[in-house]
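One letter stands for each residue in the lines below.
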Amino acid sequence: MFDPDIAPSGTLLGLLQRGRGDGTLHALAAPRAEALAALNHCVLRDPRHDWQVENRSLYYARLYLELDGGLGEIEQHLFHMDDLFDTAEERTGLALAVLGHLASYGRDDALALLRRYAATGGNWAWALDELALRDDDAALTALGASVLARFPAGPEGESALAAAVRDAFEPRPWRLWAEDRRSPATAARVRAAQEQGSFDRWQRQLRPSGPRPGWSVREVLDWAQEGLALHPTQHRHVPATRCLTAVAGPEDRLEIIEAAAFGPEAARATALRYLAEHHDPQALDLIETAAADPSGLVAEAAVTAFERMRSTAALERARAWIHRTDALGAAAAGMLACRGAQYDSALVLAALRRTVRSEGCDAPVLWDLVDGAGRLAITCAAPVLRHVYRETASSHLRGRAARALAATDPSFAAGFAVECLWDCEESTRELAAHHATTADARVVEQLRRLAADPAEEAEVQTAVRSRFEPDAPAV
């Protein structure tokens, strides 16, 4: 699993790795060489815990522009010998995304690097997607021969080409190559690959796998269990639960309860989820027992089944389980944070403090607990929320902490809301655009920059414009 090394939150590198607005402000005030060194470190060694959902590329690209940073280190990273052996997206994805944003800002050197890497690099598909959004037709068409040369003639090469065309995130380059009259051989191969992809999808629809109409409860449970014996292992308890819903009737309840209590792993996980989703009176007791099971599959399925429950009985049980120190206790805390009443504030606050103290500022349950502190307007939670905001390595959790602070901390508008205008997450910048006090001269200047930046998200610009309307409230 990708596990980056995050520097302390009080350092320039730590601020930039977290994507905090203060990272940009400190970098612009630091010596340029020091700021560029920290920036390159972040771009070349992706600091995100979840690189598929957390944003950093626009944040880093804007800082490159502010510092007038060169791209020499990014070039060395992309074309290093490691690129021949390590084609994983997380090694080069952030650098390529940064280049894409720089290209959209008019940096021709970034556009040239993307073209070169798309022609020769290991993660060429990502570079091609960036170019598909920003390059002109002539330049994209010229890349066709280089890209198709990656797929040798023959059944295996044509199959790989069909998969690449089918799975392309941005289809524009492939459409250009399929219509390229100056290179009929390239056009013919791409058209054939497009047809093969459509044929493959049609075949999969004709040969569905899995349960059939008329299956019994026992056959569905057996199908779920059989997945564990396959290589690679298939965890089928989630789709099996949906199948069980379709085939089970009231007369099957005792059989499902027996499977949830004594069945093999996958069958037990399936039965637990089914009973929880149907609010069976026995579900909560079975979940409590299964949560302590030595089997990770069973224990995780029990906790997940409880998290999905929406009954009053589940809320009552959450109040009893919130003091537990295991995964079921964390699920109970999350449930009360998301759905509890105002009188649950003390329990949620205690769980928030306990989690930060024992598990740090990146514990998974903090996402719900932070949201709950804001939803319940627990004002005395502001100190711990500020701590989470500063220390977490997750930019999404920091954004949730900022939203909770907006509801609990009177100093938010003149404090963290100001730096949030430079945050890496657009939702956090949008929040700041609504709340940051305009008494700070930096706020007005940054709001105007965001309003004029073509790369900024529409939601952020809408929030910014609302601050400049004649009847906009003063903060």
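Values in this document were obtained by computation on a predicted structure and should not be read as measured data. For every chain, the first residue of its written sequence is number 1, and the numbers climb from 1 along that sequence. Local features in this predicted model are restricted to residues whose pLDDT is 70 or higher, and side-chain atom pairs enter the listing and the counts only when it is 80 or higher, whereas totals over whole chains, interfaces and linings include all residues. Here the side-chain values reflect all heavy atoms present in the structure, with hydrogen atoms and water set aside.

Colleague: Teacher, can you tell me more about the overall build of the protein here?
Modeller: Each helix corresponds to a stretch of at least 4 residues labelled H or I by DSSP, and each strand to a stretch of at least 2 residues labelled E; elements are numbered beginning at the N terminus. Each helix and strand in the protein was counted, giving 29 helices and 0 strands. Seen along its three principal axes, the alpha-carbon backbone of the protein occupies a region of about 70 × 65 × 45 Å. Per-residue burial over the protein gives 49% buried out of 475 residues. Sequence-distant contacts in the protein: of pairs separated by 6 or more residues, those separated by 24 or more amount to 65%. Only four residue types enter the tally: Lys and Arg on the positive side, Asp and Glu on the negative side; His and the chain ends are excluded. Lys charges are placed at NZ, Arg charges at CZ, Asp charges at CG and Glu charges at CD. Where the 51 positive side-chain charges of the protein centre and where its 68 negative ones centre are 2 Å apart. The rule is simple: take the accessible area with a 1.4 Å probe, protein chains only, and divide by the maximum for that residue type; under 20% is buried, over 50% is exposed, in between is partly exposed. Residue contacts are counted whenever heavy atoms from the two residues lie within 4.5 Å of one another.

Colleague: I would appreciate a short explanation of the packing of helix H15 (residues 237–247) against helix H17 (residues 265–277) in the present structure.
Modeller: Packed helices, taken two at a time, are described by the angle their axes make and the gap between the axes. With their axes 9 Å apart at the nearest point, H15 and H17 run at an angle of 55 degrees to one another. For the element pair H15 / H17, the angle class is oblique. Considering the relative orientation of H15 and H17, their crossing is right-handed. Together, His237, Val238, Ala240, Thr241, Leu244 and Thr245 of H15 and Ala266, Ala269, Thr270, Arg273, Tyr274 and Glu277 of H17 make up the contact between the two elements. Note on geometry: axes are C-alpha line fits, over the in-contact stretch for helices, and angles between N-to-C directions span 0 to 180 degrees. Should an angle fall under 35 degrees it is called roughly parallel, over 145 degrees roughly antiparallel, and 65 to 115 degrees roughly perpendicular, with every other angle called oblique. Whether a crossing is left-handed or right-handed is set by the direction in which the near helix is turned from the far one by less than a right angle, anticlockwise for left-handed and clockwise for right-handed.

Colleague: Could you clarify how one ought to interpret unusual backbone geometry in this entry?
Modeller: Most of the time, phi is negative for any residue but glycine, and the peptide bond is trans. A cis amide bond links His231 to the next residue, Pro232, at an omega of 0 degrees. For Pro232, the position within the fold is in the loop between helix H14 (217–226) and H15. Phi is positive for Asp68, close to 50 degrees, though the residue is something other than glycine. By relative accessible area, Asp68 is classed as exposed at 58%. Despite not being glycine, His279 has its phi angle at roughly 55 degrees, a positive value.

Colleague: In this structure, what is going on with the packing of aromatic side chains? I would like to understand it.
Modeller: A ring pair, where both rings are aromatic, is described by two values, the distance of the centres and the angle of the planes. Any Phe, Tyr or Trp ring, taking Trp's six-membered ring, that has another such ring centre within 6.5 Å forms a pair; planes under 30 degrees apart are called stacked, those over 60 apart edge-to-face, and the others tilted. Under the counting rule described, the total for this entry stands at 8 aromatic pairs. Seen in terms of ring centroids, Trp124 and Phe151 are 6.0 Å apart; in terms of plane orientation they differ by 80 degrees. Their pairing is edge-to-face. With Trp124 in helix H8 (residues 124–134) and Phe151 in the loop between helix H10 (144–148) and helix H11 (155–167), this pair connects stretches of sequence that are 27 residues apart. A relative accessible area of 13% places Trp124 in the buried class. Classification of Phe151 by relative accessible area gives buried; the value is 9%. Among the aromatic residues, those joined into a ring-pair cluster are Trp124, Phe151, Trp174 and Trp177. Only lysine NZ and arginine CZ atoms are considered, and such an atom sits over a ring when it is within 6 Å of the ring centre and within 35 degrees of the ring normal. When the ring centre of Phe79 is taken as origin, the NZ or CZ atom of Arg116, which lies over that ring, is 3.8 Å away.

Colleague: Before we go on, may I ask you to explain the environment of Gly329 in this structure?
Modeller: The topology assignment puts Gly329 in helix H21 (residues 327–339). Residue class for Gly329 comes out buried when judged on its relative accessible area of 2%. Setting aside chain neighbours within four positions, we find Gly329 in contact with Trp321, Ile322 and Arg324.

Colleague: Help me understand the nonpolar core, please; the structure alone is not making it clear to me.
Modeller: The tendency in soluble globular proteins is for nonpolar side chains to be buried as a group. Side-chain atoms within 4.5 Å are what join buried Ala, Val, Leu, Ile, Met, Phe, Trp, Tyr and Cys residues into a set we call a nonpolar core. One finds Ile287, Phe306, Leu352, Leu369 and Leu421 to be the most contacted residues of the largest nonpolar core, which totals 86 residues. Not counting residues within four places of it along the chain, the set of residues in contact with Ile287 comprises Leu272, Ala276, Ala302, Ala305, Phe306, Met309, Trp321 and Leu328.

Colleague: Is there a simple way to explain a nonpolar patch on the surface in this structure?
Modeller: Note on patches: the residues involved have over 30% relative accessible area and no salt bridge, like charges join within 9 Å, and the nonpolar side chains Val, Leu, Ile, Met, Phe, Trp and Tyr join within 5 Å. Only the protein chains shown count as cover for residues, and the accessible areas themselves come from Shrake-Rupley with a 1.4 Å probe. Salt-bridge detection follows one rule: a side-chain nitrogen of Lys or Arg within 4 Å of a carboxyl oxygen of Asp or Glu. Together, Met81, Leu84 and Phe85 make up an exposed nonpolar region whose accessible area comes to about 420 Å². One can find Phe85 in the loop between helix H5 (72–78) and helix H6 (89–104).

Colleague: Looking at this model, I keep getting lost on the packing of helix H3 (residues 32–44) against helix H4 (residues 57–67). Mind explaining?
Modeller: Contact geometry for H3 and H4: axes closest at 11 Å, N-to-C directions at 155 degrees. The pairing of H3 with H4 is recorded here as roughly antiparallel in orientation. Regarding H3 and H4, the two cross each other, and that crossing is left-handed. Residues Arg32, Ala35, Leu36, Leu39, Asn40, Cys42 and Val43 of H3 form the contact with H4, whose participating residues are Tyr60, Leu63, Tyr64 and Leu67. In the contact of H3 with H4, the residues fall into 9 nonpolar, 1 polar and 1 charged. Residues are grouped as follows: Ala, Val, Leu, Ile, Met, Phe, Trp, Tyr, Cys and Pro are nonpolar; Asp, Glu, Lys and Arg are charged; all remaining types, including Gly, are polar.

Colleague: Sorry if this is basic, but what is going on with the state of the cysteines here?
Modeller: Such a bond, covalent and formed between the sulfur atoms of two cysteines, is termed a disulfide. Defined by distance alone, a disulfide is two cysteine sulfur atoms within 2.5 Å. As enumerated under the stated definition, the model contains 0 disulfides in all. Cysteine Cys420 shares no disulfide, and the gap to the nearest cysteine sulfur, in Cys424, comes to 10 Å.

Colleague: Whenever I open this one, H8 confuses me. Can you help?
Modeller: Given 3.6 residues per turn, any residue in an α-helix points the same way as the ones three and four places further on. In terms of burial, H8 is a largely internal element, 8 of the 11 residues being buried. Buried within H8 we find Trp124, Trp126, Ala127, Leu128, Asp129, Glu130, Leu131 and Ala132. Lining the buried residues of H8 we find H6, helix H7 (108–120), helix H9 (137–142), H10, H11 and helix H12 (172–178).

Colleague: Looking at this structure, how should I read the side chain of Glu130?
Modeller: One can find Glu130 in helix H8. The term polar contact refers here to a pair of N or O atoms within 3.5 Å; inside protein, the definition further demands a hydrogen-donor-capable atom paired with an acceptor-capable atom, and it admits residues adjacent in sequence only when both atoms are side-chain atoms. A polar contact of 2.5 Å, which involves the side chain of Glu130, links it to the side chain of Arg134. Excluding residues within four positions of it along the chain, Glu130 makes contact with Leu96, Ala97, Gly100 and Leu114.

Colleague: Got a minute to help me understand the pattern of salt bridges in this structure?
Modeller: When charged atoms on two side chains of opposite charge get close, those side chains can pair. This model, assessed by the stated rule, comprises 34 salt bridges. Among the ionic pairs, Asp222 bridges to Arg218, the shortest N-O distance being 3.7 Å. Taken together, the residues span about one helical turn, with Asp222 and Arg218 both in helix H14 at a distance of 4 residues. Among the residues examined, Asp222 registers a relative accessible area of 34% and is labelled partly exposed. For Arg218, a relative accessible area of 36% corresponds to the partly exposed category.

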